[in-house]
Amino acid sequence: MGSTEPRPRVEAGREPDLLTYIWALPNFHELANNPSKVLDAIDKFNTEEKRLINIGPRKGVVIDKIIQERKPSIMVEMGGYVGYSAIRFGDALRRAGGKKYYSLEINPINASVAKMLIELAGLQDIITVIVAPSHEALAQLVQDGSIEQIEILFLDHWKDRYLYDLWFVERLGLLNEESVIVADNISPEAGRGIAYVDWLKATKAEKEETLKAYEFSDDFEGLDLANLIKKKGIKDVGVDLANVEGVPSYVYETEIHPFQGHSGRTDGVAITKVLSI
Ligand SMILES: C[S@@+](CC[C@H](N)C(=O)[O-])C[C@H]1O[C@@H](n2cnc3c(N)ncnc32)[C@H](O)[C@@H]1O
């Protein structure tokens, strides 16, 4: 355990340090093929050594429950970090009879740490880590036919991408009336995730107004983007995939579960059901 002095919020190199820590644990051999022991070790590093930015056990339980209830075949997370949520939810998905958990991570160092921990936990067959910006990774999964629908989408990357990546998911037609979207770090009090939540709660007319304020470089009227990606491929699709217009007709129901954050700030997990598309 470190000193009693406050730890800096961000400690450079903490993600690879997690691997050094885990591989040196006296009970390391017990972690092999044991997702819950790998999660415990990450939690211990987080509380006793260096602070990580993973979902953690308190919020994790809420999402575990959704997986147990929905029994998704496919789940996609945006923002994989060092693999904590992928191991936790990938294991829950496997126990619920699911097929695949896609973890999209932009940072190759975080993704490498995640891949090692996923392999240690014995979940490499069920979890696929893709190292790319979330919209590019998603387009790749659509292009190669790996996903046609997303039953549970977990948004946990950078908050300013939540809305744009949701628009991309809508435009690709990946949601259905059974889909659930879970978004971490939504705090209406702290003003985080507001544009995203506003979109989820807006009427069709309000959404059309919102979209008018954005300058989309491409014309999305009547465009079947998923088919275009399949036909032309990501590189030649001719559409700026990071900047895709949302679909105003989707009707959502959103509930925000509040949590007390480390610094005493209220944080929240937004759970959204798709009511109609
Ligand atoms: C809060 S962490 C994710 C924590 C992880 N879901 C967990 O609970 O274990 C956010 C991660 O999102 C990644 N990220 C940020 N922007 C991204 C993007 N556009 N596409 C994919 N990953 C992104 C960051 O590199 C970081 O690893």
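Please read these numbers as outputs of a predicted model, since none were measured by experiment.

Conventions adopted
Residues numbered from 1 in each chain as written. Predicted model: local features only at pLDDT ≥ 70, side-chain atom pairs only at ≥ 80, totals over all residues. Heavy atoms only, no water. Buried < 20%, exposed > 50% of the residue type's maximum accessible area, 1.4 Å probe, protein only. Helix = DSSP H or I, 4+ residues; strand = E, 2+ residues; numbered from the N terminus. Arc of directions from axis to C-beta. Contact = heavy atoms within 4.5 Å. Axes fitted to C-alpha atoms, helices over the stretch in contact; angles between N-to-C directions. Parallel < 35°, antiparallel > 145°, perpendicular 65-115°, else oblique. Left-handed = near helix turned anticlockwise from the far one by under 90°. Nonpolar A, V, L, I, M, F, W, Y, C, P; charged D, E, K, R; others polar. Polar contact = N/O pair within 3.5 Å; in protein donor to acceptor, adjacent residues only side chain to side chain. Near = heavy atom within 4 Å. Areas by Shrake-Rupley, 256 points an atom, 1.4 Å probe, with all protein chains shown as cover.

1. Focus on helix α10 (residues 225-232)
Then step 1. Residues of α10 that are buried: Leu 225, Ala 226, Leu 228 and Ile 229. Buried residues of α10, seen end-on, are gathered within an arc of 165° and therefore sit on one face of the element.
Then step 2. In this structure, the buried side of α10 is in contact with α6 (134-143) and α7 (159-171).

2. Quick look at the packing of α6 against α7
Packed helix pairs are specified by the crossing angle of their axes together with the interaxial distance, meaning the distance between the axes.
Then step 1. Between α6 and α7, whose axes approach to 10 Å, the crossing angle comes to 15°. Overall, the two elements α6 and α7 adopt an arrangement that is roughly parallel. As α6 runs across α7, the sense of the crossing is right-handed. In contact with Ser 134, His 135, Leu 138 and Ala 139 of α6, α7 contributes Arg 161, Asp 165, Phe 168 and Val 169.
Then step 2. A breakdown of the residues in the contact of α6 with α7 according to their chemical character gives four nonpolar, two polar and two charged.

3. Concerning the packing of helix α2 (residues 35-48) against helix α4 (residues 84-95)
Then step 1. The N-to-C vectors of α2 and α4 enclose an angle of 155°; their axes lie 10 Å apart at closest approach. Accordingly, the angle class assigned to the pair α2 and α4 is roughly antiparallel. Crossing handedness for the pair α2 and α4: left-handed. Along the contact surface, α2 presents Pro 35, Val 38, Leu 39, Ile 42 and Asp 43, while α4 presents Tyr 84, Ile 87, Arg 88, Asp 91 and Arg 94.
Then step 2. Partitioning the contact of α2 with α4 into residue classes produces six nonpolar, no polar and four charged.

4. A closer look at the environment of His 157
Then step 1. Relative to the elements of secondary structure, His 157 occurs in the loop between β4 (152-155) and α7.
Then step 2. Residue classification places His 157 among the buried positions, given a relative accessible area of 11%.
Then step 3. Separated by 60 residues in sequence, His 157 and Ser 217 place their C-alpha atoms 24 Å apart.
Then step 4. When near neighbours in sequence (up to four residues on either side) are disregarded, His 157 contacts Met 78, Gly 79, Ser 134, Tyr 162 and Asp 165.
Then step 5. Within the local environment of His 157, its side chain forms a polar contact with the side chain of Asp 165, the two groups lying 2.7 Å apart.

5. Some details on the environment of Lys 44
Then step 1. The topology assignment puts Lys 44 in helix α2.
Then step 2. Sequence spacing of Lys 44 and Ile 22 is 22 residues, and the spatial spacing of their C-alpha atoms is 9.8 Å.

6. A few points about the site of the ligand
Then step 1. Close to the ligand lie 20 residues; Ile 55, Gly 79, Glu 105, Ser 134 and Asp 156 are nearest.
Then step 2. Residue Glu 105 places a side-chain N or O atom 2.6 Å away from an oxygen atom belonging to the ligand.
Then step 3. The separation between a nitrogen atom of the ligand and a polar side-chain atom of Asp 156 is 2.8 Å.
Then step 4. Contact with the protein chains removes 96% of the 610 Å² of surface that the ligand exposes when unbound.
Then step 5. Of all elements in the fold, only α4 and β2 (100-105) reach the threshold of two or more residues within the shell around the ligand.

7. Some details on unusual backbone geometry
Then step 1. For Tyr 81, which is not glycine, the phi torsion reads 55° and is therefore positive.
Then step 2. For Tyr 81, a relative accessible area of 9% corresponds to the buried category.
Then step 3. For Asn 185, which is not glycine, the phi dihedral falls at a positive 60°.
Then step 4. By the element assignment, Asn 185 lies in the loop between β5 (180-183) and α8 (194-201).
Then step 5. Asn 185 sits in the buried class, given a relative accessible area of 16%.

Distances and angles like these do not, on their own, reveal function.
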